[in-house]
Amino acid sequence: MSGKENIQLEAVSVEQSRGSGPRSPRGAIGGAKPKDARDAARRIWTALGRNRKTLIVTFVLSVFSVAGSSIGPWQLGLATNLLISDDYTLPALVRQLLIVAAIYLLASGFNLLQAWLINDMVQNMGRNLREAAQAKLTRVPLRWFDSQPRGEVLSRFTNDIDNMVQNLQQVASQAMLMLMTVIGVLAMMLLLSVPLAAVALIAIAISLGITRVITRAAQPKYTEQWRETGHLNALVEETFTGQALIRVYGARDRVDQVFSEKNDTLTTVSMRAQILASLIQPTTMFVTNLAYIAVVVLGAFQVLSGRLSLGVLQAFIQYIRQIGQPISQLGSMVAQVQSALASAERVFELLDAPEMSSDSKEEKQLETSVAGHVRFEHVSFRYLPDQPLFEDVSLEAKPGQMLAIVGPTGAGKTTLVNLLMRFYDIDSGTISLDGMDIALLSRTELRRAIAMVLQDTWLFTGTVHDNIAYGRADASREQVIAAARRCHVDDFVHTLSDGYDTVLENGGGGLSQGQRQLMTIARAFLLDAPILILDEATSSVDTRTEMQIQEAMAELRQGRTSFVIAHRLSTIRDADMIVYMENGNVLETGTHEQLMDVKGGYWRLQN
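Residues numbered from 1 in each chain as written. Predicted model: local features only at pLDDT ≥ 70, side-chain atom pairs only at ≥ 80, totals over all residues. Heavy atoms only, no water.

Chemist: Please clarify how unusual backbone geometry should be interpreted in this entry.
Modeler: Excluding glycine, a negative phi dihedral is what most residues carry, and trans is how most peptide bonds are arranged. Look at histidine 378: it is not a glycine, yet its phi comes out positive at around 55 degrees. Positive phi, normally seen in glycine, also occurs at aspartate 392, with a value near 60 degrees. For aspartate 392, the location among the structural elements is in strand 2 (residues 390–397). (Helix = DSSP H or I, 4+ residues; strand = E, 2+ residues; numbered from the N terminus.)

Chemist: I keep staring at the pattern of salt bridges and nothing clicks. Help me out?
Modeler: Side-chain pairs of opposite charge can arise whenever the charged atoms involved come near each other. For the structure shown, the criterion picks out 15 salt bridges. With a shortest N-O distance of 3.2 Å, aspartate 425 and arginine 422 are connected by a salt bridge. On the accessibility criterion, aspartate 425 (30% relative accessible area) is partly exposed. Counted as one network, the salt bridges with shared partners bring together Lys136, Arg139 and Glu355. (Salt bridge = Lys/Arg side-chain N within 4 Å of Asp/Glu carboxyl O. Buried < 20%, exposed > 50% of the residue type's maximum accessible area, 1.4 Å probe, protein only.)

Chemist: I tried to follow the sheet that holds strand 11 (residues 577–582) on my own but got confused; where do I start?
Modeler: Whenever strands of a sheet pair, they do so through backbone hydrogen bonds, lying parallel or antiparallel. Taken together, the six strands give an open sheet; going across it, the order is 6-9-10-3-11-12, and neighbouring strands pair in mixed fashion. Only two strands of the sheet have a single neighbouring strand rather than two, namely strand 6 (450–453) and strand 12 (585–590). On average, adjacent strands in this sheet sit at an angle of 15 degrees to one another, irrespective of strand direction. Across four bridges, the pairing between strand 3 (residues 402–406) and strand 11 is parallel. Paired with alanine 404 across the strands is isoleucine 578, a residue of strand 11. Sheet strands touched by helix 12 (residues 413–420): strand 3, strand 6, strand 9 (531–535), strand 10 (561–565) and strand 11. Its angle to strand 10, the strand with the most contacts, is close to 145 degrees. (Pairing = 2+ DSSP bridges. Axes fitted to C-alpha atoms, helices over the stretch in contact; angles between N-to-C directions. Contact = heavy atoms within 4.5 Å.)

Chemist: Help me out: how do you make sense of the side chain of asparagine 163 in this one?
Modeler: Assignment of secondary structure puts asparagine 163 in helix 6 (residues 150–192). Once residues lying within four places of it in the same chain are set aside, the contact partners of asparagine 163 are Trp226, Ser339, Ala340 and Ser343.

Chemist: Would you take a moment to explain the sheet that holds strand 5 (residues 436–437) for this structure?
Modeler: If you trace the four strands from one edge of the open sheet to the other, you get 2-1-4-5, paired in antiparallel fashion. Each having just a single partner strand, strand 2 and strand 5 make up the two edges of the open sheet. Both strand 1 (residues 374–381) and strand 2 contribute to a ladder of five bridges, which runs antiparallel. The residue of strand 2 that forms the bridge with valine 374 is alanine 397. Sitting on the sheet, helix 12 is in contact with strand 1, strand 2 and strand 4 (428–433), with an inclination near 110 degrees to strand 1.

Chemist: Sorry, what's going on with the packing of helix 9 (residues 252–278) against helix 10 (residues 280–304) here?
Modeler: The packing of two helices is summarised by the inter-axis angle and the distance between the axes. Following both chains from N to C, one finds helix 9 and helix 10 inclined at 10 degrees, their axes separated by 5 Å at the closest point. In terms of orientation, helix 9 and helix 10 fall into the roughly parallel class. In this structure, helix 9 contributes Leu276, Ala277 and Ser278 to the contact, and helix 10 contributes Ile280, Gln281 and Pro282. A breakdown of the residues in the contact of helix 9 with helix 10 according to their chemical character gives four nonpolar, two polar and no charged. (Parallel < 35°, antiparallel > 145°, perpendicular 65-115°, else oblique. Nonpolar A, V, L, I, M, F, W, Y, C, P; charged D, E, K, R; others polar.)

Chemist: Just to check I follow, could you spell out the side chain of threonine 561 for this structure?
Modeler: Position of threonine 561 relative to the elements: it lies in strand 10. Relative accessible area serves as the criterion here: at 0%, threonine 561 is assigned to the buried category. Polar contacts involving the side chain of threonine 561 include one to the main-chain carbonyl oxygen of glycine 372, which spans 2.6 Å. If sequence neighbours within four positions are ignored, threonine 561 has contacts with Ala371, Gly372, Ala397, Lys398, Pro399, Gly400, Gln401, Pro530, Ile531 and Leu532. (Polar contact = N/O pair within 3.5 Å; in protein donor to acceptor, adjacent residues only side chain to side chain.)

Chemist: What exactly am I supposed to notice about helix 10 here?
Modeler: An α-helix turns once per 3.6 residues; consequently, residues spaced three or four apart project the same way. Across its 25 residues, helix 10 extends 36 Å between first and last C-alpha, which sits within 8% of the 36 Å expected from 1.5 Å per residue. Of all the residues in helix 10, the buried ones are Ile280, Thr284, Val287, Thr288, Ala291, Val295, Gly299 and Gln302. A positive backbone phi angle near 85 degrees is found at glycine 306, which sits one or two residues after helix 10. (Expected span 1.5 Å × (residues − 1).)

Chemist: What's the story with the packing of helix 3 (residues 52–84) against helix 4 (residues 90–137) in this structure? I'm lost.
Modeler: Packing of helix 3 against helix 4 brings their axes to within 8 Å, and their N-to-C directions diverge by 160 degrees. It follows from the interaxial angle that helix 3 and helix 4 lie roughly antiparallel. The crossing of helix 3 and helix 4 is left-handed. Along the lines of polarity and charge, the residues of the contact of helix 3 with helix 4 split into 24 nonpolar, eleven polar and no charged. (Left-handed = near helix turned anticlockwise from the far one by under 90°.)

Chemist: What is the right way to look at the packing of aromatic side chains in this model?
Modeler: Any two aromatic rings considered together are summarised by their centre-to-centre distance and by the angle between their planes. Counted under the stated rule, the structure contains seven aromatic pairs. Taken together, a centroid distance of 5.0 Å and an interplanar angle of 75 degrees make the contact between phenylalanine 381 and tyrosine 383 edge-to-face. With respect to class, phenylalanine 381 is no different from tyrosine 383; both count as buried. When the centroid spacing of 5.2 Å and the interplanar angle of 85 degrees are considered together, the rings of tyrosine 383 and tyrosine 424 count as edge-to-face. With tyrosine 383 in the loop between strand 1 and strand 2 and tyrosine 424 in the loop between helix 12 and strand 4, the pair connects residues that are 41 residues apart, well separated along the chain. We classify tyrosine 383 as buried; its relative accessible area is 6%. Looking at tyrosine 424, the relative accessible area reads 3%, which means it is buried. One aromatic cluster is present, built from ring pairs that chain together Phe381, Tyr383 and Tyr424. Sitting over the face of the ring of phenylalanine 348, arginine 43 holds its NZ or CZ atom 4.3 Å from the ring centroid. (Phe/Tyr/Trp six-rings, centres within 6.5 Å; stacked < 30°, edge-to-face > 60°. Lys NZ or Arg CZ within 6 Å of the ring centre and 35° of its normal.)

In structure tokens form, the structure reads like this:
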């Protein structure tokens with residue numbers, strides 16, 4: 001890939017939710033069967049082939065390097081013949097040896113330059129693959145994330161791309177030289193002695209046959225090795241994030257046992273792959289040594305019979321050693337290629353994951369001033385085709401209203417706001433914003449009108465200021481502080497070592513859960529969007545902090561449409577409308593008093 005991938009990251013101004021729906025089956029990259037390695041090799045070659053000029057230059061440099069290496073032994077043989085001839089003179093010998101030294105020096109220089117160019121080309125390909133993978137993660141639907149272990153995805157993003165690039169870097173620089181060396185040396189051998197060259201050709205044919213057999217057996221083992229590496233990484237990631245619960249429930253021994261089993265599995269499959277690959281080099285070395293013995297014996301008889309000069313035999317011995325080197329390297333190169341192809345399969349599976357539906361070709365723009373009038377009209381949606389969830393749901397949120405969405409676990413509360421955010425696309429019906437079908441808006445255009453706060457707080461490694469200004473990177477310090485004061489963040493920020501410049505690490509691990517939640521709310525306040533979504537935003541804070549949030553919410557709701565999902569029913573009594581849901585259906589709507597008088601599902605939930 002000569003140029004960078006055309007990557008467009010969505011400017012999403014909210015924190016994305018995974019949704020509350022059931023998980024879909026394992027996606028393509030989780031437990032897929034290995035694909036044809038030839039397809040992975042073809043795609044790698046296509047990627048490298050875009051650097052045609054660099055490939056041509058490296059090819060020419062390889063030709064010059066191999067030409068020098070091939071001519072060197074012949075010229076050295078001439079020096080030997082000169083040394084034993086009757087016309088021997090020291091100046092002539094020195095001149096011939098200088099010619100040999102110059103040839104080898106030029107060959108080494110060409111070799112170094114072509115290796116540098118190939119290294120640059122392969123590293124650029126790795127950079128572009130990482131950029132393409134990062135861009136891919138912004139285009140896959142959330143239901144894909146729901147089905148993938150995070151450690152498995154990260155393993156493809158880091159381990160597999162790194163393994164692929166490192167092995168290709170080593171192989172690419174050697175493969176071209178190896179091929180050219182074999183061709184050049186064989187040409188010189190045929191020029192000097194056809195019978196001795198035939199010995200080398202037989203050795204090459206036998207070595208290639210052995211390599212082909214072992215390669216076919218090793219490829220599935222390498223694919224299995226990297227798949228098991230991904231599974232182990234997924235387990236490590238889950239264990240790391242769940243340390244508190246593992247210790248609370250005394251599950252350390254069970255976790256250790258599962259880890260030991262997966263670790264043993266990875267060790268076993270890795271050993272199988274490496275053992276098969278390691279058979280190639282000693283086998284080819286054995287064949288090369290046999291060829292070397294045959295050349296020495298046959299060549300000695302030809303020298304004694306006068307059909308071959310001693311200098312030519314010396315050159316041939318060097319050539320058989322020279323051609324033996326790439327053949328012996330073939331073993332390690334094949335192992336590297338097999339490993340690279342196995343990782344490439346996994347990387348390309350990630351890049352081939354299904355993407356979100358494209359934005360409408362009739363894309364429209366929101367008005368400069370968004371009122372926040374939201375309507376669901378006969379909306380149907382299912383996470384899985386055979387599992388009904390939303391069936392003919394209709395509701396309306398007028399500008400400035402606060403809608404509270406309540407119901408038992410699994411009722412579809414979070415799914416409702418996920419559909420509004422277009423984290424998932426509806427199967428039928430219409431969701432409109434200010435009278436405009438949101439399917440006709442780009443996701444970026446829609447989400448700039450919505451601020452969202454989730455129950456699960458998300459803070460990145462950076463300063464307090466940067467975390468609050470995440471949705472508005474151009475916000476001034478004064479605007480950040482004003483938002484922090486409105487949601488009572490300013491009070492505890494001053495207790496931190498560097499105030500708003502304090503760097504938060506490990507997701508804000510030095511803060512309490514309530515403080516982290518307040519910071520994510522301050523982030524939404526600063527965004528100043530016309531629509532606000534709070535998904536269990538106060539479920540993880542104490543009563544005093546909850547009261548502070550409610551005070552700030554009352555001020556923030558003025559002129560804004562708010563969707564509030566809450567299990568603490570005391571926090572939504574003053575909502576303009578309460579929506580009670582069960583099994584994906586809207587069963588009751590009204591104020592707190594109205595729904596209590598009905599004595600239906602909301603009344604039972606209150607009691």
